[in-house]
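These are the residues of each chain, in order.
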Amino acid sequence: MDEQADAFESHPEARYGGAGRMSDATVAAHEEAAATLADFAPAANGFTGRDIPPDDVFNRCVRCGLCLPTCPTYVETMVETSSPRGRIALIKSVAEGQLDLLSPGFMHQMSECLDCRACEAVCPSGVEYGKLLEPARTQVNRALEQERGPIKNFVRHLLLHVLFGNLAIMRLVSRVLWLVQRLGLQAFAQKSGLARLFGMEKMIDLAPRMSDTFFVARDQRWEATGAKKATVFLHGGCIMATAFAEIDFATVRVLQRAGCEVLAPAAQGCCGAITVHAGDMDAGRELAKRNIEAFEQSGADYYIINAAGCGSTLKEYGHLFHEDPQWHARAVRFAAKVRDITEFLDEIGIDENLGRIEATVTYQEPCHLVHAQRITQAPRNLLRKIPGLTLVEMDESSLCCGSAGIYNLTQPEMSQRLMERKAKNAAATGASCCATANPGCQLQVQAGLRREGSEMSVRHIIELLDESYRVGDASRGTPATP
Ligand code: SF4
Ligand code: SF4
């Protein structure tokens, strides 16, 4: 059973060959899944208890295959079971007792899926794939708890409950990482070969460079510049507030200039995206309750988020509590007030006193913005407002970059393939900067471009707007927004 636990965490035996070709080990893994299906052996483990993938969702799939070309793992492997249609069939098979929940093929597919939701966005039958995958992962994880052993369960608990469950601990760990980075120990580990020796090369390569000053929500209130349009609650985030804190500070400034009073209530916490995507919906609900309460007490009009992955989870709190009559209505009310920063600014209008940025910029669409939230034009509209900036589109801008929460740790090979694909597409535009709207994408695309030998920078759209304001203010001699 420990082998099955390992298979779900990383499935190291499932290695891929070149695009569209599979290695023998991968063929074996898929054959194993197919054999289990063909045998129709009575399944020892099925879906039980809370969070069961709903049959009215998977039964809506008419197997048309229109989603296949949009699926990154299918595009890379051309294997049916690595496609949305294939995964839906596997979930249905487990639900109908024809396939074991803990069969390696099933666990591998639940892990290999990026949860990018590209399939959901194009499905003509309206199959809400996210409502299948997250419960299916949660079911697998609950079943594996007995099998993983205390050490693996403890590590998982530390990561999902302790680290992401408490922003003070997240800041403490981030500060230690900051110290390691500033003392040059990270670079030393890479150059000396120590990182490779301990198998941590990729992890170190992808680790974000921590900000010098973290964004800490301490019940601050920043006044609107000019006439006030709204009072907004700013969700500072966990990774965003420690590794990309300058984006949080820039978000405050841009919102002020857009006529918003900005609140940063200390009661907020992590949104739960990482925990929900990792198949722990119970932990996700605990985090969600904290944010719902904090927002209700704040009196703000909107809940603003500058990370696309977090935004889609926050907007889906209603579904997270659909089995909980006590919290469901509150979660639905909360979700209706959540806005991605680009969507919100495009909606209320920004301060148009922007300065020139002479640059060619391409835009990498975060999956959870374009597919899960269906926001495509707002980020582009904002970029086009910056004088001097030329926006050029890259090929496959909405194909996942392979970041997907902790996917680059659980599925490093597929993650790397998608990262290289994205970096090549971005570099081919000839742009000097790649804009995005999610910290995970920012890290992944940065790492991909670095490996490509490209000097293209990767910036959040808000950083570009903030910089444009600074340039404009400097040219007019206007004092900067505090
Ligand atoms: S597009 Fe929708 S209905 Fe068609 S195969 Fe994909 S999930 Fe099923
Ligand atoms: S969520 Fe993304 S990776 Fe998963 S099946 Fe759908 S398109 Fe493929």
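Overview of the structure. (Residues numbered from 1 in each chain as written. Chains lettered and ligands numbered in written order. Predicted model: local features only at pLDDT ≥ 70, side-chain atom pairs only at ≥ 80, totals over all residues. Heavy atoms only, no water.)

### Thoughts on helix α20 (residues 325-335)
Right, so step 1: Of all the residues in α20, the buried ones are Trp327, Ala331, Phe334 and Ala335. The buried residues of α20 occupy an angular sector of 85° when projected down its axis, which confines them to one face. Seen from the open side of α20, the exposed residues pointing more than 90 degrees away from its buried face are Pro325 and Arg333.
Right, so step 2: For α20, the secondary structure elements touched by its buried residues are α17 (281-298), β4 (302-305), α18 (308-315), α19 (317-320) and β5 (338-340). (Buried < 20%, exposed > 50% of the residue type's maximum accessible area, 1.4 Å probe, protein only. Helix = DSSP H or I, 4+ residues; strand = E, 2+ residues; numbered from the N terminus. Arc of directions from axis to C-beta. Contact = heavy atoms within 4.5 Å.)

### Here's the deal with the environment of alanine 288
Right, so step 1: Summarising the element assignment, alanine 288 is placed in helix α17.
Right, so step 2: Between the C-alpha atom of alanine 288 and that of leucine 320, which follows or precedes it by 32 residues, the distance is 8.7 Å.
Right, so step 3: In contact with alanine 288, not counting residues within four places along its chain, are Tyr317, Leu320 and Phe321.

### A closer look at the packing of aromatic side chains
By convention here, two paired aromatic rings are described through the distance between centres and the angle between planes.
Right, so step 1: Counted by the stated rule, this structure contains 10 aromatic pairs.
Right, so step 2: Considering the side-chain rings of tyrosine 303 and phenylalanine 334, the 4.7 Å spacing of their centres and the 65° angle between planes classify their relative orientation as edge-to-face. Of this pair, tyrosine 303 sits in strand β4 while phenylalanine 334 sits in helix α20, placing them 31 residues apart in sequence.
Right, so step 3: A residue is classified by how much of its surface remains accessible, and tyrosine 303, at 0% relative accessible area, is buried.
Right, so step 4: Here tyrosine 317 and phenylalanine 334 contribute two aromatic rings whose centre-to-centre distance is 5.1 Å and whose plane-to-plane angle is 20°, an arrangement assigned as stacked. (Phe/Tyr/Trp six-rings, centres within 6.5 Å; stacked < 30°, edge-to-face > 60°.)

### Quick word on the pattern of salt bridges
Right, so step 1: Taken as a whole and judged by the stated rule, the model has 35 salt bridges.
Right, so step 2: For aspartate 466, the salt bridge is made with arginine 253, and the minimal N-O distance between the two is 2.8 Å. Within this pair, whereas aspartate 466 is found in helix α27 (residues 461-476), its partner arginine 253 is found in helix α15 (residues 245-257), the two being separated by 213 residues in sequence.
Right, so step 3: Owing to a relative accessible area of 7%, aspartate 466 belongs among the buried residues under this scheme.
Right, so step 4: Residue arginine 253 is classed as partly exposed on the basis of its relative accessible area of 25%.
Right, so step 5: Here glutamate 296 makes a salt bridge to arginine 330, at a shortest N to O gap of 2.7 Å. Of this pair, glutamate 296 sits in helix α17 while arginine 330 sits in helix α20, and the two are 34 residues apart along the sequence.
Right, so step 6: A network of salt bridges, in which partner residues are shared, links Arg50, Asp51, Arg142, Asp282 and Arg285. (Salt bridge = Lys/Arg side-chain N within 4 Å of Asp/Glu carboxyl O.)

### Points about helix α9 (residues 150-163)
Each turn of an α-helix holds 3.6 residues, which means side chains three or four residues apart point in the same direction.
Right, so step 1: The end-to-end C-alpha distance of α9, which contains 14 residues, comes to 18 Å, matching closely the 20 Å that a straight helix rising 1.5 Å per residue would cover.
Right, so step 2: If you check which residues of α9 are buried, you get Arg156, Leu160 and Leu163. (Expected span 1.5 Å × (residues − 1).)

### Here's the deal with the nonpolar core
Right, so step 1: Of all hydrophobic cores here, the largest spans 43 residues; its most connected members are Phe215, Val232, Leu255, Val262, Leu345, Leu383 and Leu465.
Right, so step 2: Counting contributing residues, this core receives three or more from each of domain 3 (220-346) and domain 4 (352-476).
Right, so step 3: Of all hydrophobic cores here, the second largest spans 31 residues; its members include Ala243, Cys271, Tyr303 and Phe321. (Core = buried A, V, L, I, M, F, W, Y, C linked by side-chain atoms within 4.5 Å. Domains from an automatic or database assignment.)

### Points about the site of ligand 2
Right, so step 1: Taken together, Cys71, Pro72, Pro84, Arg87, Cys113, Leu114, Asp115, Cys116, Arg117, Ala118, Cys119 and Tyr129 are the residues near ligand 2.
Right, so step 2: Elements that contribute at least two residues to the shell around ligand 2 include exactly α5 (84-95) and α7 (118-122).
Right, so step 3: When grouped by side-chain class, the residues that make up the shell around ligand 2 number nine nonpolar, no polar and three charged. (Near = heavy atom within 4 Å. Nonpolar A, V, L, I, M, F, W, Y, C, P; charged D, E, K, R; others polar.)

### Some thoughts on a nonpolar patch on the surface
Right, so step 1: A surface patch of nonpolar side chains, about 290 Å² in accessible area, is lined by Leu179, Leu183 and Leu185.
Right, so step 2: By the secondary structure assignment, leucine 179 is in helix α10 (residues 167-182).
Right, so step 3: Judged by relative accessible area, which is 44%, leucine 179 ranks as partly exposed. (Patch = residues over 30% accessible without salt bridge, like charges linked within 9 Å, V, L, I, M, F, W, Y side chains within 5 Å. Areas by Shrake-Rupley, 256 points an atom, 1.4 Å probe, with all protein chains shown as cover.)

### As for the sheet that holds β4
Right, so step 1: The strand order across the open sheet built from five strands is β1-β3-β2-β4-β5, with neighbouring strands paired in mixed fashion. Since the sheet does not close on itself, it has two edges, and those belong to β1 (220-222) and β5, each with one partner. When the angles between neighbouring strand axes are averaged without regard to direction, this sheet yields 30°. (Pairing = 2+ DSSP bridges. Axes fitted to C-alpha atoms, helices over the stretch in contact; angles between N-to-C directions.)

### Some thoughts on the site of ligand 1
Right, so step 1: For ligand 1, the full set of nearby residues is Cys61, Val62, Arg63, Cys64, Gly65, Cys67, Arg85, Ile88, Cys123, Pro124 and Ser125.
Right, so step 2: When grouped by side-chain class, the residues that make up the shell around ligand 1 number seven nonpolar, two polar and two charged.

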